[in-house]
Amino acid sequence: MPYCKVLPAVTRVKPAHLFVRLRSTAAASTQRKELKTEDAPLDPSCAAVEKPCDVDLISRKAHAERRSISISIDFDNTREAYKSKDTLELLRSLLVFKLCSFDFLVDKNKQLMDLSKKVLGQRLFEKLMKMTFYGQFVAGEDQNAIKPLIEKNQAFGVGSVLDYSVEEDLTQEEAEKKEMDSCVSEAEKESHGMDHREKKYKAHRQFGDRRGGVISARTYFYADEAKCDHHMETFINCIKASAGSSVDGFSAIKMTALGRPQFLLQFSEVLVKWRRFFSLLAAHQGKEGMAILEQKLELEQLQDSLIKLGVGAKSDIENWFTGEKLGSSGTIDLLDWNSLINDTTKISNLLVVPNMESGHLEPLLSKFTDEEEKQMKRMLQRMDVLAKHAVENGVRLMVDAEQTYFQPAISRLALEMQRIFNREKPNIFNTYQCYLKEAYDNVSVDVELARREGWYFGAKLVRGAYMYQERSRAAEIGYEDPINPDYEATNRMYHKCLEYILEEINHNRMANVMVASHNEDTVKFTLEKMNEMSLSPTENKVYFGQLLGMCDQISFPLGQAGFPVYKYVPYGPVNEVIPYLSRRAQENRGFMKGSQKERSLLWKELKRRLFSRQLLYKPAY
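The model shown is predicted, which means the values in this text are computed figures rather than measured ones. (Residues numbered from 1 in each chain as written. Predicted model: local features only at pLDDT ≥ 70, side-chain atom pairs only at ≥ 80, totals over all residues. Heavy atoms only, no water.)

Attention now goes to the overall build of the chain. Secondary structure summary: the chain contains 26 helices and 12 strands in total. Looking at the 621 residues of the chain, the share that counts as buried comes to 57%. (Helix = DSSP H or I, 4+ residues; strand = E, 2+ residues; numbered from the N terminus. Buried < 20%, exposed > 50% of the residue type's maximum accessible area, 1.4 Å probe, protein only.)

Put into structure tokens, the structure is as follows:
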């Protein structure tokens, strides 16, 4: 089940050029003990070597001075927060946020925009949109149009994560048909439900329209391979736009835009079943309930269990745990388990899973067509092309999170890109949704893999965009709800994951995190932890991210204080980003009803400008 070798296999590149095989648990433990004997190196280039770097007197002095600095930021200082905005922009923000507080306008916003287009005509409609919703939340129509806004934000300390936000305007019926056609293989159609698939990882027509209950993430539906190639070209243009308009920018991509989602469903199920199989074997050894990375299986017992379960021949199983691969410590953990992968050039060989009842390995599906095999390879090849373009253009690639039935595969593939392209610096970032019950396990396992293999870990932490859809689907289809029970539990999970990554940054400076949050308490929590750990903003290890048009009172004070902060910047033609704008209005309704602070700060700044005779204020940069 060779999923650790997916990318080199499909691109026909020799794996030795792309991957460093996992070290044994014992070797990894030895290295960590060595590094603990002295301070972790400050220079990232030193972090991957066995021997800690020497620190001269100058760097020691700089380190001591940095420890004495404690940065605090006043998020109520409206003069600093809105320094980049003229008065008309403030008035527009107030108008849009007020409109977003009316339920009728938000619920019917799509119909109202369509009606406005008919009544006003295309030209006046576009002008109206640019004066209101489009102007507030979208940077412009193309790469050239967005440059002035990006340059202005950058002048005030705020970078950009570019996101081409065009979507197809499909009916629900059209979306459902596309989803069912693209998520059901030929083998499934012929099996009539007699395969080994789990309900969670199968397409269901009632949830075929993945836009339902989603308000802050764009959605792609598979049409054909040519459309995926078109999406790839769009992402390449976005990467080039980011390189040409900002320094150290990001570009966002979605995996479901790059190939047939059937593969993501199937691969996710395989990954989950193999991890579940490891947990079953751990339970056999009395290690149930332990933290995932603390479950270390005794090799002799493990081999006996695998032989009894009929997973493989005795000679094969013994060979798995010999030589340089594994076994020097006498135990195996989850990451070692994931490395028990043989190279392959046929992707369908990946989709073999352990039967939890019989213990035998069984194919997930009875067969794959040649075209399905080619479609899977093309998806991975497109990812490889995008990663190479990002590195060549000095742009970091942000892989967005998606639904839980796609996410295990998306995260694994993003991780494989990190293993290849994050050797010298963090070029690829994966996204972790902290409303998931398993978020901390996912973060800690991936951080540990990066630590063992010596590459730069990159993460964006979000709370999550699919809660209502995920909860409804789990209840309707009949599997465990993957979402934390309430908002407070999600907050605790977010802070737990964030603190873990910050600790990793503090120890070896090879982890990187974007705190993508509009929650002021979370931002303050991050600043407090950075102060405690003496993590300087100038090290560019901790980033902050907010959506364009929202939470300027957080973004711009952070940027002006020297923190790397980024706006998620959508762009695209007016007509084609209407689905995005429609969801943004819905998100703002909840945001503005939950907190009046942003509107009150906008009013405060308007009053300040009025009384100080600065109503005609224009930002200078």
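Counted under the stated rule, the structure contains 14 aromatic pairs. Ring centres of tyrosine 543 and tyrosine 566 lie 6.0 Å apart, and the angle between their planes is 65°; this geometry places the pair in the edge-to-face category. Of this pair, tyrosine 543 sits in strand E11 (residues 542-547) while tyrosine 566 sits in strand E12 (residues 565-571), and the two are 23 residues apart along the sequence. The residues tyrosine 543 and tyrosine 566 share a single accessibility class, namely buried. An aromatic cluster is defined as three or more aromatic residues linked by ring pairs; in this entry it consists of Phe250, Phe429, Tyr543 and Tyr566. Across from the ring centre of phenylalanine 221, 4.9 Å away, lies the NZ or CZ of arginine 210, which sits over that ring. Its guanidinium or amino end placed over the ring of tyrosine 494, arginine 463 lies 4.5 Å from that ring's centre, counting from NZ or CZ. (Phe/Tyr/Trp six-rings, centres within 6.5 Å; stacked < 30°, edge-to-face > 60°. Lys NZ or Arg CZ within 6 Å of the ring centre and 35° of its normal.)

Moving on, we get to the packing of helix H6 (residues 87-99) against helix H26 (residues 597-611). It is the contact of H6 with H26, at a shortest axis distance of 10 Å, that shows an interaxial angle of 150°. When the axes of H6 and H26 are compared, the pair comes out roughly antiparallel. In the packing of H6 onto H26, the handedness of the crossing is left-handed. Packed against H6, whose contacting residues are Thr87, Leu90, Leu91, Ser93, Leu94, Phe97 and Lys98, the element H26 presents Glu598, Arg599, Leu602, Trp603, Glu605, Leu606 and Arg609 at the interface. (Axes fitted to C-alpha atoms, helices over the stretch in contact; angles between N-to-C directions. Parallel < 35°, antiparallel > 145°, perpendicular 65-115°, else oblique. Left-handed = near helix turned anticlockwise from the far one by under 90°. Contact = heavy atoms within 4.5 Å.)

Generally speaking, soluble globular proteins have nonpolar side chains that are buried together. Among the nonpolar cores identified, the biggest contains 64 residues, and Trp337, Phe457, Leu461, Ile501, Val542, Phe544 and Leu558 are the most heavily contacted of them. Of the residues forming this core, the biggest block, 7 residues, is contributed by helix H22 (residues 487-508). Contacts of phenylalanine 457, omitting those with residues within four sequence positions, involve Gln418, Tyr432, Asp446, Val447, Ala450, Ile501, Met510, Ala511 and Asn512. (Core = buried A, V, L, I, M, F, W, Y, C linked by side-chain atoms within 4.5 Å.)

Taken across its 6 residues, strand E8 (residues 428-433) has 6 buried, putting it largely inside the fold. With burial as the criterion, each face of E8 is covered, one bearing Ile428, Asn430 and Tyr432 and the other bearing Phe429, Thr431 and Gln433. The sheet contact formed by strand E7 (residues 396-399) and E8 spans 3 bridges and is parallel. When the sheet's bridge partners are listed, leucine 397 is paired in E8 with isoleucine 428. For the segment spanning E7, helix H19 (residues 407-421) and E8, crossover handedness is right-handed. Relative to strand E9 (residues 457-462), E8 runs parallel, the two sharing 4 bridges. The residue of E9 that forms the bridge with tyrosine 432 is leucine 461. In terms of handedness, the path from E8 via helix H20 (residues 439-453) over to E9 forms a crossover that is right-handed. (Pairing = 2+ DSSP bridges. Right-handed = clockwise from strand over helix to strand, strands pointing away.)

Between its first and last C-alpha, H22 extends 32 Å over 22 residues, near the 32 Å set by a 1.5 Å rise per residue. Phi for arginine 509, located one or two positions after H22, is positive at around 60°. (Expected span 1.5 Å × (residues − 1).)

It is worth spelling out H20 at this point. Its 15 residues place the ends of H20 22 Å apart at the C-alpha level, agreeing with the 21 Å of an ideal helix rising 1.5 Å per residue. Among the 15 residues of H20, 12 are classified as buried, and the element is accordingly described as predominantly covered. Listed in full, the buried residues belonging to H20 are Ala439, Asn442, Val443, Ser444, Val445, Asp446, Val447, Glu448, Leu449, Ala450, Arg452 and Glu453. Phi turns positive one or two residues past the end of H20, at glycine 454, with a value near 80°.

Once that is clear, we can look at the pairing of strand E1 (residues 158-164). When you tally the buried positions in E1, you get 6 out of 7 residues, the bulk of the element. Pairing between E1 and E12: 7 bridges, direction parallel. Counterpart to valine 158 in the pairing with E12 is valine 565. Judged from the 2 bridges that link them, E1 and strand E2 (residues 250-253) form a sheet pairing that is parallel. When the sheet's bridge partners are listed, valine 161 is paired in E2 with phenylalanine 250.

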